[in-house]
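Observations on chain architecture
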Amino acid sequence: MISYIIRRILYVIPLLLAVSIVCFVIIQLPPGDFLTAIESQLKSQAGLSEEESRKMVDEMRKTYGLDKSMPVQYLIWIKNIVTKGDFGYSFGYRKPAQEVIWERLKWTMIIALSAHLISTLVGLLIGIYSATHQYSLGDHLSTFLAFIGLSFPEFFTALVIMYLLVFRFRVPHVGGLSSPEYVLATWNWAKFVDFLQHFWIPVVISGVAGVARNMRVMRANLLDVFRSQYVITARAKGLKERIVLYKHAVVNALHPIIAYQGVALPYIVQGTMVTAIVLNLPTTGPAFYDALVFQDTLLAGSFLLMVTVVLVIGNLLSDLILAWIDPRIRYD
Amino acid sequence: METNSCLINVKGLCTYFYTDDGIVKAVDGVNLKIRRGETLGVVGESGCGKSVTALSIMRLIPAPPGRITRGEILYGENKEKSVDLIRLDSRGSKMRNIRGGEIAMIFQEPMISLNPVYTIGDQIIESIMVHQKVTKKEAKEHAIKMLDRVGISDPAQRVDDYPHQLSGGMRQRAIIAMALSCHPNLLIADEPTTALDVTVQAQVLELMKELQQEFGMAIMMITHNLGVIAETSDNVAVMYLGKIMEYASAHDLFHHPMHPYLQALLKSIPSIVGKGERLAMIKGTVPDPLSILRGCLFAPRCLEIKKICQSEEEPPVIEVEKGHQVKCWLYA
Ligand SMILES: Nc1ncnc2c1ncn2[C@@H]1O[C@H](COP(=O)(O)OP(=O)(O)O)[C@@H](O)[C@H]1O
Ligand SMILES: [Mg+2]
């Protein structure tokens, strides 16, 4: 097992390097950069001549290293990340990219992980119920709801929930993660309650599709596993049905759910982007979107890099968990 | 036959599957008796209801779609104490104590009969601990003893192996060890050697005979291979499409085969047909289990067909010699 873990971690390093190059190249692909926009601003708004503004912007390019060739820029960027944890400068926010990222990534991760955890747990439980009560009313109902849950786009669910809260239930403030009066307050009980009142909305919205998905996967797998010979063997031993279910069947039905965890995490981080814009959340999604629109190159690249790192780490973790529950993988 | 009391006495068992396409009468009026310590062979082409008969005795018929619609399965040698397994709650504690504790079952596919995520030791220990009041340590010692007994070398090491680390033959031995760990009165072996190499088949059959002597248990040996029947069985039931066509001692069965179906089966075995003679095939194929046949079920494939065979009347069961029954118009 230890050697398996080490092997898997060693694989990750070259993968991360490759991924960082791809991120950087993709971000640099569109013509022009942030300073192109500044240059035209200088011309139109500050009234400088073409030459003067070009000169100023070229100076700035030099200070920020934007005049160098792409490979050199990449090397500087990655060297600073690895040695100093410095992701470069965000022109848009006028502060270091990592400050923008950390601030937002924190909330993104909290919301994404909560949504993820809840959707996995609830999805599994409903899936187990459905599979053990196949063709019952409850099974039909949850299968139907899962279908609905998967078909509704997230932003639409977000709009519907906001509409209901504001116009039906007269909730004074939705969107964001706190009411205006608490934004600057220090953490106390009232602020915490207010936070929870805002927090559940994005969690539920980004969780719904996950619940539906996990439920369907779990139901299908468990029904398969129920037909397998070792489950019949377990029953033939005289075990209680509950033990047959949880000890022998569920464990073997978890594979695709665990394998999905690694992929789902960054998907949820990214996928909540539209929801986050609709709900006005301080997460990475909207900021990433802005950074792309305004060619805030390093910030966008850093966001992309962070999301891929989350993907790679998520995959690593799910592989390790799979190896932990399944001896056939770890003895390979 | 009446005088000797039986360990298990199946009377008029009917097990039907209510599928979307119609009713499959997988077992339709089967009578079987097994005395203590004896081996009953159940033989027939695949799909004739052998496994369903076994699973009915174990009360492991998947419901829905399956249901035992009629009959009795009397278990226990003495009249007052015998129970009708059909009247027990299939998930209740009484049936669970019998299942695995007093009637054990092993299955055709050793490769998939053990749960891949637990060691064989864990799975044998689990079996012991549901039926006997022992500590885990004692159970493990017993498990090692059983593994040793079924001919697994180095059992103290092997007990911690996972199923995928054993060969097919070794796995079937481990499964036998698991089934016998609680000293059952009856072992139902559903094609225990079909999936194994010929040499390993012979070893496993030999082992089962030895263990039968040692533990004094009865065996219900299910197979489609008349050679296996010849090796192991005292009495034999020949099944076709959910019904028993012929029932006799192994000696009578091979020396005076009565039913045209059995005669045809015997003619299709290379070792029984002499060198140079043509191997016969049974005309046609096993009919679709959903098709509704009346009268003699074998008539469409029978070579000795008479007028009455095509009538809608079911052929009677005729006792041609003492203890030798055949369900065929030819002997009426
Ligand atoms: N779960 C099930 N659902 C529907 N039909 C079944 C089921 N299990 C068995 N059958 C049917 O019962 C018949 C007998 O099957 P089986 O007892 O497994 O045959 P075999 O003699 O090869 O062991 C077959 O026609 C099979 O299709
Ligand atoms: Mg079978």
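Shown above is the structure to which this text applies.
Bear in mind that the values here come from a model prediction, so they are computed numbers and not experimental data. (Residues numbered from 1 in each chain as written. Chains lettered and ligands numbered in written order. Predicted model: local features only at pLDDT ≥ 70, side-chain atom pairs only at ≥ 80, totals over all residues. Heavy atoms only, no water.)

**Some points on the side chain of Asn80 of chain A**
All names here are of chain A. Basically, it comes down to this: Put simply, DSSP marks the helices as runs of H or I at least four residues long and the strands as runs of E at least two long, and each gets a number from the N terminus on. Here's how the labels work: a residue is buried when its accessible area is under 20% of the maximum for its type, exposed when over 50%, partly exposed in between, all with a 1.4 Å probe on protein chains only. The criterion used for residue contact is that any of the two residues' heavy atoms lie within 4.5 Å.
Here Asn80 shows up in helix 4 (residues 70-84). For Asn80, a relative accessible area of 15% corresponds to the buried category. Those residues within four positions of Asn80 in sequence are excluded, and the remaining contacts are Gly85 and Asp86.

**Remarks on the pattern of salt bridges**
Residues and elements named next belong to chain B. Basically, it comes down to this: By convention in these notes, a salt bridge is any Lys or Arg side-chain nitrogen within 4 Å of a carboxyl oxygen on Asp or Glu.
Going through the model one piece at a time under the given rule, you end up with 21 salt bridges over all chains. When the shortest N-O distance is used, the salt bridge between Lys327 and Glu314 registers 2.7 Å. One end of the pair, Lys327, is in strand 12 (residues 324-327); the other, Glu314, is in the loop between helix 10 (260-267) and strand 11 (317-321), with 13 residues separating them in the sequence. Among the residues examined, Lys327 registers a relative accessible area of 11% and is labelled buried. Within this structure, Asp28, Lys243, Glu314 and Lys327 form a network of salt bridges that share partners.

**Some details on the side chain of Thr157 of chain A**
Residue and element names in this part refer to chain A. Its location among the elements puts Thr157 in helix 7 (residues 154-168). You can call Thr157 buried: its relative accessible area is 17%. Dropping the residues within four chain positions of it, Thr157 is found in contact with Phe152 and Ile205.

**A word on the site of ligand 1**
All names here are of chain B. Our working definition: A cutoff of 4 Å decides nearness: a residue is near a molecule or strand if any of its heavy atoms lies inside that distance of it. We call two N or O atoms a polar contact when they sit within 3.5 Å, provided that within protein one can donate a hydrogen and the other can accept it, with sequence-adjacent residues counted only if both atoms are side-chain atoms. Accessibility throughout is a Shrake-Rupley quantity obtained with a 1.4 Å probe, and a residue counts as covered only by protein chains that appear here. Basically, the charged four are Asp, Glu, Lys and Arg, the nonpolar ten are Ala, Val, Leu, Ile, Met, Phe, Trp, Tyr, Cys and Pro, and anything else, Gly included, counts as polar.
Close to ligand 1 lie 14 residues; Gly47, Gly49, Lys50, Ser51 and Val52 are nearest. Separating an oxygen atom of ligand 1 from a backbone N or O atom of Gly47 is a distance of 2.6 Å. Here an oxygen atom of ligand 1 and a backbone polar atom of Cys48 are 3.2 Å apart. When ligand 1 is considered free in solution it has 560 Å² of accessible area, and contact with the protein chains removes 69% of it. Broken down by secondary-structure element, the contributors of at least two residues to the shell around ligand 1 are strand 1 (8-19), strand 2 (22-34) and helix 1 (50-58). Here the element with the most residues in the shell around ligand 1 is helix 1; it accounts for 3 residues. Split into classes, the residues belonging to the shell around ligand 1 amount to 8 nonpolar, 5 polar and 1 charged.

**A look at empty space enclosed by the protein**
Rule in force here: The pocket and cavity definitions rest on a 1 Å grid over protein atoms only: a 1.4 Å probe that fits but cannot leave marks a cavity, an open set with protein on both sides within 12 Å along at least five of seven lines marks a pocket, and residues lining either have an atom within 4 Å of a point. Grid points are joined across faces, edges and corners, and a volume is the space filled by probe spheres set on the points.
This model, assessed by the stated rule, comprises 4 cavities of 30 Å³ or more. In this structure, the largest cavity is lined by Thr233, Ala236 and Lys237 of chain A together with Gly100, Ala104, Met105, Ile106, Ser127, Ile175, Met178 and Ala179 of chain B. For the lining of the largest cavity, the secondary structure elements donating two or more residues are helix 9 (229-236) of chain A together with strand 6 (103-106) and helix 6 (168-180) of chain B. A per-class count over the lining of the largest cavity returns 7 nonpolar, 3 polar and 1 charged.

**Some points on the sheet that holds strand 11 of chain B**
All names here are of chain B. The following threshold applies: Paired strands, in this sense, are two strands between which DSSP finds at least two bridges. Every axis in this analysis is a line fitted to C-alpha atoms, fitted for helices over the stretch in contact. Angles between the N-to-C directions lie between 0 and 180 degrees.
As summarised here, the arrangement of the 8 strands in space is 6-7-8-3-9-10-12-11, forming an open sheet in which the pairing is mixed. The sheet is open, and its two borders are formed by strand 6 and strand 11, each paired with just one other strand. This sheet shows a mean twist of 20° between the axes of neighbouring strands, independent of strand direction. Bridging between strand 3 (residues 39-43) and strand 9 (residues 235-240) involves 4 bridges; their strand directions are parallel. Note on strand 9: the bridge partner recorded for Val42 is Ala237. Taken strand by strand, helix 7 (residues 198-215) contacts strand 3, strand 6, strand 7 (186-190) and strand 8 (218-223), and its axis lies near 160° from that of strand 8.

**Focus on the packing of helix 5 (residues 97-132) of chain A against helix 14 (residues 297-325) of chain A**
All names here are of chain A. Quick note on the threshold: In this scheme, roughly parallel covers angles under 35 degrees and roughly antiparallel covers those over 145, while 65 to 115 is roughly perpendicular and the rest are oblique. By convention the crossing between two helices is left-handed if the near helix lies anticlockwise of the far one by an angle smaller than a right angle, and right-handed if it lies clockwise.
Following both chains from N to C, one finds helix 5 and helix 14 inclined at 45°, their axes separated by 9 Å at the closest point. Considered as vectors, helix 5 and helix 14 are oriented oblique to each other. Helix 5 and helix 14 meet at a crossing whose hand is right-handed. Listed contacts from helix 14 to Ala97, Val100, Ile101, Trp102 and Leu105 of helix 5 are Leu299, Ser302, Phe303 and Met306. Here the residues of the contact of helix 5 with helix 14 sort into 8 nonpolar, 1 polar and no charged.

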